[in-house]
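Breakdown of the fold
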Amino acid sequence: MKKMYFITGSQDLYGEAVIRQVEKDSREMAAFLNEKLSDICGIEFTTVVQTSAEAEDICTKASSDRDCIGVIAWMHTFSPAKMWIRGLQALKKPLLHLHTQYNEKLPYDSIDMDFMNLNQSAHGDREFGFICTRLHIRREVVAGYYKHDDVIERIRKFAYAAAAVDMCHGMRIAMFGNNMRDVAVTDGDRVESEIKYGWNVNYYGIGDLVKLAEGMTEQDIDRKMAEYAEKYDMDTDNIAAVREQAKYEIAIERFIEKEDITAFTDTFQDLHGLDQLPGLAVQNLMAKGIGFGPEGDYKTSALGAVLFRMSEGREGATAFMEDYTYDLTAGEELELGSHMLEVSPVFAASKPRIQVHPLGIGGKSDPARLVFDGVCGKGIAVSMIDLGDRFRLVCAEIELVSQPKPMPKLPVARLMWKICPSLPVGSAAWIYAGGAHHAVVSTALTADDIRLFAKMTDTELVIIDEKTDLNAFEQQLEMLDLTAKLKR
Ligand code: MN
């Protein structure tokens, strides 16, 4: 199991008895947090750092330990921070600075100088914070008593994001075909994606899948059909079309297993040898956490897999979504999100139906797909774009709502939502920010989760929420452009 290191800071002026007490307290605190985070990662007490060499040793160890996804640092006593410089310079893992105490309350009746010297994180954590700021280290500071629910919740969120960042390292993304011709926003710098996030993005010929699909036995397809029958309602007589999708799904499963792929893309412009655009196949895979981006959109595909993982164990749904069309009734503006086929059934409000309909684009046979209405609830839409000199995450708070009327002639799954603070402000802000028509929508994650992921990966982030004011938002974008120029 992956873990986070719990590192306690002190110094070598206090004598052995104090250090023993610091270690005893730290072990107890780490054990408590280990329990509280056991579904995400372990929390392992490591050491009480007293010298510069020890700081460097433990930070170097954390950086090279593949099982370590992050570091929690806390100063029980004072810990002069020049001794942390080399350690922090060596630290390559996400850092949570936990500003807390062993004791919740002050022992007013018994407090003396010894107690105050032992329990002086108000003092020591400021010194540690200064050196982090001086070294420009992006970290999360969580302040409060470590046993309080809100503090635990913030540590848990950090751990989720740290696990997602860890997942990115060496994550492999397959592009079947390339980026859809002439589309700008789905494209991106794959080399930079690997440098920045660890995403290894590679092109594969669709023929690799076709070959696997051709080798499929009827028994293989029967097994996949049984899986579909269990999860979905068969709402078509065209069983042959559904079996074709089953074949594609098994082919993709075998391919991603063999090539250790976590996310993939396809494009309807490059389906040579496939009779249908993969629809049902992709939908069923997305529900298992396999990232998907259509039209060669590798960034959304990778982000979908990462955010799905980040949301595991939490209530709600996470998957790729596309902005399609609006209801612009004044004051009640709604957006309809969907895709040609590929909407994940994690968003289904009721049991999805398998249907076969013509697809007016791509010139292939009628593809089988899942059709359903979407869930309701608060959520976010997250888009990643490549601005040439940097990536940007655009995160909008949205509210998924039930569709006001049935859409009996729309042969695809769909979601409807309101963007915060309103369509005139929220959608304009999204467009000013350059946000794509592809996003990852989640009702499990919040803007705060995305903030943590952006912080840990040093990715530019703009958030659109209830407080968004267009004038200030545009100024923020200008400032970000200027900052990026200065950093170059
Ligand atoms: Mn699209």
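Residues numbered from 1 in each chain as written. Predicted model: local features only at pLDDT ≥ 70, side-chain atom pairs only at ≥ 80, totals over all residues. Heavy atoms only, no water.

**Points about the sheet that holds strand S14 (residues 368–371)**
If you walk across this open sheet you meet the three strands as S8-S13-S14, and the pairing is mixed. A single partner strand is all that each edge strand has here, and the edge strands are strand S8 (233–234) and S14. (Pairing = 2+ DSSP bridges. Helix = DSSP H or I, 4+ residues; strand = E, 2+ residues; numbered from the N terminus.)

**Looking at helix H2 (residues 52–64)**
With 13 residues, H2 should reach 18 Å at 1.5 Å per residue; the first-to-last C-alpha distance of 18 Å fits that figure. Turning to H2, the residues buried within the fold contact strand S1 (3–9), strand S2 (42–49), strand S3 (68–75) and helix H3 (85–90). (Expected span 1.5 Å × (residues − 1). Contact = heavy atoms within 4.5 Å.)

**A word on the coordination of the manganese ion**
Only Glu-295 (OE), Glu-322 (OE), His-339 (NE2) and His-438 (NE2) from the protein reach the manganese ion as donors, at distances of 1.9 to 2.4 Å. Donor residues binding the manganese ion come from one chain and are separated in sequence as E-x26-E-x16-H-x98-H. In this pair, Glu-322 sits in strand S11 (residues 318–327) while His-339 sits in the loop between strand S12 (334–338) and strand S13 (353–356), placing the two residues 17 residues apart along the sequence. Under the relative-accessibility criterion, Glu-322 is labelled buried at 8%. (Donors = N, O, S within 2.8 Å, 3.2 Å for Na, K, Ca; no water. Buried < 20%, exposed > 50% of the residue type's maximum accessible area, 1.4 Å probe, protein only.)

**Thoughts on the side chain of Arg-369**
With respect to the element layout, Arg-369 can be found in strand S14. One buried charged residue, Arg-369, forms no salt bridge at all, with the nearest opposite charge on Asp-366 at 7.0 Å. Here Pro-411 takes part through its backbone oxygen, which lies 2.7 Å from a polar atom of the side chain of Arg-369. Excluding residues that lie within four positions of it along the chain, Arg-369 makes contacts with Leu-280, Gln-283, Leu-341, Arg-353, Ile-354, Gln-355, His-357, Pro-358, Pro-411 and Val-412. (Lys, Arg positive; Asp, Glu negative; His and termini not counted. Salt bridge = Lys/Arg side-chain N within 4 Å of Asp/Glu carboxyl O. Polar contact = N/O pair within 3.5 Å; in protein donor to acceptor, adjacent residues only side chain to side chain.)

**Some thoughts on a nonpolar patch on the surface**
On the surface, a nonpolar cluster with roughly 530 Å² of combined accessible area is contributed by Leu-106, Tyr-108, Ile-111, Met-113 and Met-116. Within the element layout of this structure, Met-116 appears in helix H4 (residues 113–118). On the basis of relative accessible area, Met-116 is assigned to the partly exposed category, the value being 43%. (Patch = residues over 30% accessible without salt bridge, like charges linked within 9 Å, V, L, I, M, F, W, Y side chains within 5 Å. Areas by Shrake-Rupley, 256 points an atom, 1.4 Å probe, with all protein chains shown as cover.)

**A word on the domain arrangement of the chain**
Along its sequence, the chain is organised into domain 1 (3–166) and domain 2 (172–487). Taken residue by residue, the interface counts 11 residues in domain 1 and 16 residues in domain 2. Summing both sides of the interface, domain 1 and domain 2 together bury roughly 1300 Å²; the carbon and sulfur share of this comes to 60%. If you sort the residues of domain 1 by the area they bury against domain 2, Arg-138, Lys-157 and Tyr-160 come out on top, with a joint share of 47%. For the interface between domain 1 and domain 2, the tally reads four salt bridges. Where domain 1 touches domain 2, the interface holds six residue pairs in polar contact (both at pLDDT 80 or more). Counting residues per element, the side of domain 1 that touches domain 2 draws most heavily on helix H6 (residues 149–168), which supplies seven residues. Taken together, the residues of the side of domain 1 that touches domain 2 sort by class into seven nonpolar, no polar and four charged. (Domains from an automatic or database assignment. Buried area = accessible area lost by both parts, 1.4 Å probe. Nonpolar A, V, L, I, M, F, W, Y, C, P; charged D, E, K, R; others polar.)

**Let's talk about the packing of helix H9 (residues 218–231) against helix H10 (residues 239–259)**
Helix packing for two helices is described by the angle between their axes and how far apart those axes are. At a minimum axis separation of 9 Å, H9 and H10 run at an interaxial angle of 100°. Relative to H10, the element H9 lies roughly perpendicular. Within the contact between the two elements, H9 uses Glu-218, Asp-220, Ile-221, Asp-222, Lys-224, Met-225, Glu-227 and Tyr-228 and H10 uses Ile-239, Val-242, Arg-243, Gln-245, Ala-246, Lys-247, Glu-249, Ile-250, Glu-253 and Arg-254. Of the residues belonging to the contact of H9 with H10, the class tally is seven nonpolar, one polar and 10 charged. (Axes fitted to C-alpha atoms, helices over the stretch in contact; angles between N-to-C directions. Parallel < 35°, antiparallel > 145°, perpendicular 65-115°, else oblique.)

**So, empty space enclosed by the protein**
Applying the stated criterion to the full structure yields two cavities of 30 Å³ or more. In terms of lining residues, the largest cavity is bounded by 13 residues, among which Met-286, Ile-290, Gly-291, Gly-304 and Ala-319 are the most central. Mapped onto the lining of the largest cavity, the elements with two or more residues apiece are strand S10 (291–293), helix H12 (298–311) and S11. The element best represented in the lining of the largest cavity is H12, accounting for five residues. (1 Å grid on protein atoms, 1.4 Å probe; cavity = no way out; pocket = protein on both sides within 12 Å on 5 of 7 lines; lining within 4 Å. Points joined across faces, edges and corners; volume = space filled by probe spheres on them.)

**A word on the pattern of salt bridges**
For the structure on display, the rule yields 40 salt bridges. With a shortest N-O distance of 2.9 Å, Glu-227 and Lys-224 are connected by a salt bridge. Highlighted residues: Glu-227 and Lys-224, both in helix H9, separated by three residues, approximately one helical turn. A relative accessible area of 21% places Glu-227 in the partly exposed class. For Lys-224, a relative accessible area of 5% puts it in the buried group. When salt bridges with common partners are traced through the structure, they connect Lys-224, Glu-227, Lys-231, Glu-249, Glu-253 and Lys-288 into a single cluster.

**Notes on the packing of aromatic side chains**
Two numbers describe a pair of aromatic rings. These are the distance of the centres and the angle of the planes. Applying the stated criterion across every chain, the model contains 14 aromatic pairs. Ring geometry for Tyr-228 and Tyr-232: centres 6.4 Å apart, planes at 40°, overall tilted. The same class applies to Tyr-228 as to Tyr-232, namely buried. Through successive ring pairs, a cluster of aromatic residues spans Phe-176, Tyr-204, Phe-255, Phe-264, Phe-292 and Phe-320. Here the guanidinium or amino end of Lys-147 rests over the ring plane of Phe-32, the centre of that ring lying 5.4 Å away. Against the face of Tyr-160 rests Arg-314, its NZ or CZ located 3.9 Å from the ring centre. (Phe/Tyr/Trp six-rings, centres within 6.5 Å; stacked < 30°, edge-to-face > 60°. Lys NZ or Arg CZ within 6 Å of the ring centre and 35° of its normal.)

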